[in-house]
Amino acid sequence: MLAGSFALLASSALTTLAADQEISWIYCGDVIDPIHQKYIAEWEGKNEGWKVKPEVVGWEQCQDKATTLAVAGTPVAMAYVGSRTLKEFAQNELIVPVPMTDEEKASYYPNIVDTVTFDDTQWGVPIAFSTKALYWNKDLFKQAGLDPETPPKTWAEEIEFAKQIKEKTGIAGYGLPAKTFDNTMHQFMHWVYTNNGKVIDGDDIVIDSPEVLAALQAYKDITPYSVEGATAYEQNEIRAIFLDGKVGMIQAGSGAAYRLKDTQINWGVAPLPRGPSAQGEGTLLITDSLAIFSGSGVEEKAIEFAKYITSTDIQHEYELQGGAGLTPLRPGAVVDQFVANEPFWKPFIDGIEYGGPEPLFTDYKGFQNVMIELVQSVVTGKAEPADALKKAAADLEQYK
């Protein structure tokens, strides 16, 4: 949609959609979260003459709607977007910078601000964050002759444990999703970031590296012991198989833990296993952000509100409702107490320090499709890892 519409900008002046004293907000989801409703009202009470006007739009349409309005010259003031799109928006002058002070940057966990940064400038305010950890079925471990209390710590152990589960029980040892779906790229990036790898560094494509090659080889090596027909599944479908007790290990977000509480499965959760070049526990850091669109006429006030609605205390209240699947963006005493009450949360936070952001490309969907093809070509046996990686590196040049 972006590629086909940006040409309109050359012949269309941006106009103002929102009234001078109104901050229009495209809010993704089915309903406005009650916590956000409460604090919208509080902010309006402190800012006489200003109103925040959220428009609830379904997840599948919300980002497209924000894009369409912006390209047409009738932007909303603010929209909830995947941080991966910020570079594309910014380079087409659809959004304005949201500069952060050193104090603001320091309030986040490490590497979070990188998810909204390029050219040393911040282009959004993080509002939602997720990480992944490894879940394992302790009963299947025991049936396979493995110690049910000892999850794999390395890729080598993970592959060996998956093999033993498959051979001893006849049940898949690992759940590897490879459907034509955005999460296929995400799942592979968790392996990249647990081996100190990168896809892009500035404007340089660096995916064809020993670190990423090792991750892709590990993917190939674990495939025979994974759920059959990986290209038929995305992460939620793999999670459903795990919840049914039919796979030994998966990588998933915190939401899976709350679902597992309602099952009879004897489960555990641990940091993602590390590759041979890992510097520490890692994970892909996925954030969604509030983007401030250019031309609304209320940009400065929208930035002020965006920082308020994502401020530490409000954000903790929003994130830590339980079952939302969100990882806290910032540390604090509230988070420490939450982890003490729900110890399974610890691996989701520990992986942040050596985690990495979703790579920022000017055509994110183009990047995503290359990564999906990369993974699928290897897990289906159509290409060897080294050859597939060289092809991906060349294909990504057009999207950086």
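Residues numbered from 1 in each chain as written. Predicted model: local features only at pLDDT ≥ 70, side-chain atom pairs only at ≥ 80, totals over all residues. Heavy atoms only, no water.

(A) Just the overall build of the chain, in detail. Across its full length, the chain holds 17 helices and 14 strands. Taken across its 400 residues, the chain has 56% of its residues classed as buried. The long-range fraction of contacts in the chain, counting pairs at least 24 apart against all pairs at least 6 apart in sequence, stands at 77%. Of the roughly 16,700 Å² of accessible surface on the chain, 48% is carried by carbon and sulfur atoms. Here the chain contributes 32 positive and 56 negative side-chain charges, whose respective centroids are spaced 5 Å apart. (Helix = DSSP H or I, 4+ residues; strand = E, 2+ residues; numbered from the N terminus. Buried < 20%, exposed > 50% of the residue type's maximum accessible area, 1.4 Å probe, protein only. Contact = heavy atoms within 4.5 Å. Areas by Shrake-Rupley, 256 points an atom, 1.4 Å probe, with all protein chains shown as cover. Lys, Arg positive; Asp, Glu negative; His and termini not counted. Charge placed at Lys NZ, Arg CZ, Asp CG, Glu CD.)

(B) View of the packing of helix α2 (residues 34–46) against helix α13 (residues 312–319). It is the contact of α2 with α13, at a shortest axis distance of 9 Å, that shows an interaxial angle of 155 degrees. Regarding the angle of α2 to α13, the classification is roughly antiparallel. Judged by residue contacts, I35, H36, K38 and Y39 of α2 engage I314, E317 and Y318 from α13. Among the residues making up the contact of α2 with α13, the classes are represented as four nonpolar, one polar and two charged. (Axes fitted to C-alpha atoms, helices over the stretch in contact; angles between N-to-C directions. Parallel < 35°, antiparallel > 145°, perpendicular 65-115°, else oblique. Nonpolar A, V, L, I, M, F, W, Y, C, P; charged D, E, K, R; others polar.)

(C) Seen up close, the state of the cysteines. Using the criterion set out here, one finds one disulfide in the structure. Paired through a disulfide, C28 and C62 show a sulfur-sulfur distance of 2.0 Å. Handedness of the C28-C62 disulfide follows from its S-S torsion of about 90 degrees: it is right-handed. In this pair, C28 sits in strand β1 (residues 22–28) while C62 sits in helix α3 (residues 59–71), placing the two residues 34 residues apart along the sequence. Both residues of the pair, C28 and C62, belong to the buried class. (Disulfide = S-S within 2.5 Å.)

(D) Representation of unusual backbone geometry in the model. A positive phi angle, close to 60 degrees, is found at E93, a residue other than glycine. Summarising the element assignment, E93 is placed in the loop between α4 (86–91) and α5 (102–106). Of note, the phi angle at D120 is positive, near 60 degrees, even though the residue is not glycine. If you trace the backbone, D120 turns up in the loop between β4 (117–118) and β5 (121–122). The exposure class of D120 is exposed, given its relative accessible area of 74%.

(E) Summary view of helix α9 (residues 210–222). Along its 13 residues, α9 runs 18 Å from first to last C-alpha, staying within 8% of the 18 Å computed at 1.5 Å per residue. Buried within α9 are the following residues: V212, A215, L216, A218, Y219 and I222. Along α9, the residues classed as buried sweep out an arc of 155 degrees about the axis, all on the same side. Looking at the packing, one finds that the buried side of α9 touches α7 (155–169), β8 (172–174), α8 (182–193), α16 (364–379) and α17 (385–396). (Expected span 1.5 Å × (residues − 1). Arc of directions from axis to C-beta.)

(F) Quick peek at the pairing of strand β13 (residues 284–292). Counting buried positions along β13 yields nine of nine residues, so the element is predominantly enclosed. Along β13, one buried face is formed by L284, I286, D288, L290 and I292 and the opposite face, lined by L285, T287, S289 and A291, is buried too. By the bridge criterion, five bridges tie strand β3 (residues 78–82) to β13 in an arrangement that is antiparallel. Within β13, the residue paired with Y80 across the bridge is L290. Inspection of the sheet shows strand β6 (residues 125–130) paired to β13 by five bridges, in the antiparallel sense. Note on β13: the bridge partner recorded for S130 is I286. Sheet topology note: the β13/strand β14 (residues 356–357) ladder contains two bridges and is parallel. Residue pairing across strands places L285 opposite P357, the latter belonging to β14. (Pairing = 2+ DSSP bridges.)

(G) Fine view of the packing of aromatic side chains. This structure, assessed with the given rule, holds 23 aromatic pairs. Plain terms: the ring middles of Y135 and W267 are 6.0 Å apart, the flat faces sit at 40 degrees to each other, and that makes the pair tilted. With a gap of 132 residues between them, Y135 in strand β7 (residues 133–137) and W267 in strand β12 (residues 267–270) connect regions that are remote in the sequence. Neither residue differs from the other here; Y135 and W267 are each classed as buried. Measuring from centroid to centroid gives 6.3 Å for F305 and Y308, while their planes differ by 40 degrees, and the two rings are tilted. Of the two residues, F305 and Y308 both sit in helix α12 (residues 299–309), three residues apart, roughly one turn of that helix. When the ring centre of Y108 is taken as reference, the NZ or CZ atom of R330 above it lies at 4.2 Å. (Phe/Tyr/Trp six-rings, centres within 6.5 Å; stacked < 30°, edge-to-face > 60°. Lys NZ or Arg CZ within 6 Å of the ring centre and 35° of its normal.)

(H) Geometry of the pattern of salt bridges. Enumeration over the complete set of coordinates arrives at 18 salt bridges. As a salt-bridge pair, E358 and R84 come within 3.5 Å of each other at their nearest N and O atoms. On the criterion of sequence distance, the pair formed by E358 in the loop between β14 and α16 and R84 in the loop between β3 and α4 is long-range, its members being 274 residues apart. Accessibility expressed as a relative area gives 4% for E358, which makes it buried. Here K400 and E397 are joined by a salt bridge, their closest N and O atoms 2.8 Å apart. Through salt bridges with shared partners, a single ionic network connects E373, K391 and D395. (Salt bridge = Lys/Arg side-chain N within 4 Å of Asp/Glu carboxyl O.)

(I) Seen up close, α3. If you check which residues of α3 are buried, you get C62, A66, T67, A70 and V71. All buried residues of α3 project into a common sector of 155 degrees when viewed along the axis, lining one side.

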